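The chain contents come next:
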Amino acid sequence: MRRMRRIVLLLVLSGAIGSGVLYGFKASSESPSSCPGRIVCPLTGKIICRDACPLKK
């Protein structure tokens, strides 16, 4: 009985930590700190970083 509780607790903690890590990776990939903002490039039509656009005003 005690062993079963430890196994269940270990699985719950592993799931919580794993989901937190995945959320962190997802959040970091969506908004990189080196990108000041995203725009649609008028040449290619793709979403890129504002300072990576070849057309500068």
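Our structure is the block above this text.
Computed from a predicted structure; not experimentally measured. (Residues numbered from 1 in each chain as written. Predicted model: local features only at pLDDT ≥ 70, side-chain atom pairs only at ≥ 80, totals over all residues. Heavy atoms only, no water.)

Chemist: Looking at this model, I keep getting lost on the overall build of the chain. Mind explaining?
Modeler: Scanning the chain for helices and strands turns up one helix and two strands. Taken across its 57 residues, the chain has 9% of its residues classed as buried. Carbon together with sulfur atoms contributes 65% to the accessible area of the chain, which is approximately 5,300 Å² in total. (Helix = DSSP H or I, 4+ residues; strand = E, 2+ residues; numbered from the N terminus. Buried < 20%, exposed > 50% of the residue type's maximum accessible area, 1.4 Å probe, protein only. Areas by Shrake-Rupley, 256 points an atom, 1.4 Å probe, with all protein chains shown as cover.)

Chemist: What is the right way to look at a nonpolar patch on the surface in this model?
Modeler: A surface patch of nonpolar side chains, amounting to about 640 Å² of accessible area, comprises Leu9, Leu13, Ile17, Val21, Leu22 and Phe25. Overall, Leu22 belongs to the exposed group, its relative accessible area being 59%. (Patch = residues over 30% accessible without salt bridge, like charges linked within 9 Å, V, L, I, M, F, W, Y side chains within 5 Å. Salt bridge = Lys/Arg side-chain N within 4 Å of Asp/Glu carboxyl O.)

Chemist: Whenever I open this one, the environment of Pro42 confuses me. Can you help?
Modeler: Along the chain, Pro42 turns up in the loop between strand E1 (38-40) and strand E2 (47-49). Residue classification places Pro42 among the exposed residues on the basis of a relative accessible area of 57%. The sequence separation of Pro42 and Pro54 amounts to twelve residues, and the corresponding C-alpha distance is 9.2 Å. With sequence-adjacent residues up to four places away left out, Pro42 is seen in contact with Cys53 and Leu55. (Contact = heavy atoms within 4.5 Å.)

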